[in-house]
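# Reading the structure
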Amino acid sequence: MDVSDILAAHDAKQKAVTVEKEIPLEVDTGFLTVTDLNPVDAESYEANLEDYLISTARDGVQTLLASLFSLPTTSSPDGPLAQLPPPTLQLPRAKPLPKPKPPTKWEQFAKAKGIQKKRKDKKVWDEEKQEWVDSWGWKGANKDKETQWITEVPANADIDYDPVKVARDARKARVAKNERQHQQNLARAARTPGSSAAASAATAAAPPTAVRKKQIDRTLAVTRTSTASMGKFDRSLEGEKKLKGVKRKFEPAEMPAANEKSNNLAILAKLDREPAPKRSKKHAEGSGGSDVLNVRKAIRSASKGKGSAALAREGGGKGKGKKGKR
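Let me sum up the structure you'll find in this document. (Residues numbered from 1 in each chain as written. Predicted model: local features only at pLDDT ≥ 70, side-chain atom pairs only at ≥ 80, totals over all residues. Heavy atoms only, no water.)

Turning our attention to the overall build of the protein. When its secondary structure is counted, the protein shows twelve helices and six strands. The burial tally for the protein puts 10% of its 326 residues in the buried class. Pairs at least 24 apart in sequence give 33% of the contacts found in the protein among residues at least 6 apart. Within the structure as shown, the protein displays about 29100 Å² of accessible surface, and the carbon and sulfur contribution to it stands at 57%. (Helix = DSSP H or I, 4+ residues; strand = E, 2+ residues; numbered from the N terminus. Buried < 20%, exposed > 50% of the residue type's maximum accessible area, 1.4 Å probe, protein only. Contact = heavy atoms within 4.5 Å. Areas by Shrake-Rupley, 256 points an atom, 1.4 Å probe, with all protein chains shown as cover.)

Written out as structure tokens, the structure is:
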């Protein structure tokens, strides 16, 4: 019985799952990457580029799959899942590692006393409402004493004792204490050299003189660029720095006729337009009459500057005199 064909087919199948190269492929299962350091075969590359690239990619994928099937697996509703090991390839960082923050005063005390940090729950169970509520914030559990409908009053309390106000003041005092301790931690971190919070704390705790100096420099820069020459011909002060990026824009000497016409028409439109203060004043004066007749000016002219009240009195007096003569 000749079994050479069966053996050849078996060898071909084994060859299909086995990748042998001069330089073994580097597999990083954690990143699911395969690196091929073998030199490019010039003859195969030039003869048929597509087949060469497909063969190289197939060898890499086959090696990666073989390494994945050798990993321990866990069962899941979607099927077995392979547990990837930690990556071995060290990737460069885009930014340097952040500097460690200096420990706060409480962290130093807890470390010395061996106190373990306990994370507070964001929600707590309310027995009265039978639901989960926030530990703090709007409608938080820390405001229960401020919203409860009955409160026990101490025996030695004053007549005007307000339990809601006392609870609110105590809560605000705790908030102020936390903020004060936070500022102290920032100041302590600023005094620690080489810490990440040093720069931010220094900026936050900058003295008023430094802030005022920046405001003056900004105002001086604005005033220097307010002249027609953008401060080019202004007399500079002693120790004054040169401004950067300040340039005056001029229109080109030659431009199309259409652009020049539109610019001239825009200038004429501005000159022909009445200023806003005068326009509003004119509208206010003419609000009592038509746009043609200025009522206030007519009254002022008829009464010789005395006003509408004097004009009415004169008209009433003349009418009475005529009636008496009749």
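Tracing the backbone through its elements, the reader meets Pro80 in the loop between strand E3 (73–74) and strand E4 (81–82). Those residues in contact with Pro80, other than ones at most four positions away along the chain, are Thr73, Thr74 and Ser75.

If charged atoms from side chains of opposite charge come close, those side chains can pair. Counted under the stated rule, the structure contains six salt bridges. Glu146 is the salt-bridge partner of Arg171, the closest N and O atoms lying 2.6 Å from each other. Taken together, the positions of Arg171 in helix H6 (residues 163–190) and Glu146 in helix H5 (residues 144–147) put the pair 25 residues apart, joining distant regions of the chain. Arg171 gets classed as buried once you look at its relative accessible area, which sits at 16%. Here the salt bridges do not stand alone but share partners, grouping Lys21, Asp36, Arg58 and Asp59 into one network. (Salt bridge = Lys/Arg side-chain N within 4 Å of Asp/Glu carboxyl O.)

Okay, the pairing of strand E6 (residues 131–134) next. Where strand E5 (residues 123–126) lies against E6, four bridges are found, and the strand directions are antiparallel. Along E6, the bridge assignment pairs Asp126 with Glu131. Where E5 folds back onto E6 in an antiparallel hairpin, the turn is made up of four residues, including Gln130, whose phi is positive at roughly 60°. (Pairing = 2+ DSSP bridges.)

As a further point, take a nonpolar patch on the surface. On the surface, Val40, Tyr45, Leu49 and Leu53 cluster together into a nonpolar patch covering about 370 Å² of accessible area. Structurally, Leu53 can be placed in helix H3 (residues 49–69). (Patch = residues over 30% accessible without salt bridge, like charges linked within 9 Å, V, L, I, M, F, W, Y side chains within 5 Å.)

Trans peptide bonds make up the majority, and among non-glycine residues the majority have a negative phi. Of note in this structure, Leu32 is not a glycine but carries a positive phi near 55°. Within the secondary structure, Leu32 sits in the loop between strand E1 (26–28) and strand E2 (33–35). Even without being a glycine, Gln130 presents a positive backbone phi close to 60°. Inspection of the secondary structure assignment puts Gln130 in the loop between E5 and E6.

A few words on the side chain of Asp126. Here Asp126 lies in strand E5. Although Asp126 lies buried, it forms no salt bridge, and the closest oppositely charged side chain, Lys129, sits 4.4 Å away as judged by the N-O distance. Among all residues touching Asp126, those that are not within four sequence positions of it are Glu131 and Val133. (Lys, Arg positive; Asp, Glu negative; His and termini not counted.)

Considering all chains together, one arrives at three aromatic pairs under this definition. Taking 5.7 Å as the distance between ring centres and 35° as the angle between the ring planes, the aromatic pair formed by Trp106 and Phe109 counts as tilted. With a gap of three residues between them, Trp106 and Phe109 both fall in helix H4 (residues 105–113), about one helical turn apart. By relative accessible area, Trp106 is classed as exposed at 52%. Look at Trp125 and Trp132: their rings are 5.5 Å apart centre to centre, the planes differ by 70°, and that puts the pair in the edge-to-face class. Its relative accessible area of 54% is what places Trp132 among the exposed residues. (Phe/Tyr/Trp six-rings, centres within 6.5 Å; stacked < 30°, edge-to-face > 60°.)

By secondary structure assignment, the location of Asp28 is in strand E1. In this structure, Asp28 is buried with no salt-bridge partner, the nearest side chain bearing the opposite charge being Arg93 at 16 Å. Reaching out from Asp28, the side chain makes a polar contact with the backbone nitrogen of Leu89 at a distance of 2.9 Å. With residues up to four places along the chain from it excluded, the contact list for Asp28 reads Thr33, Pro87, Thr88 and Leu89. (Polar contact = N/O pair within 3.5 Å; in protein donor to acceptor, adjacent residues only side chain to side chain.)

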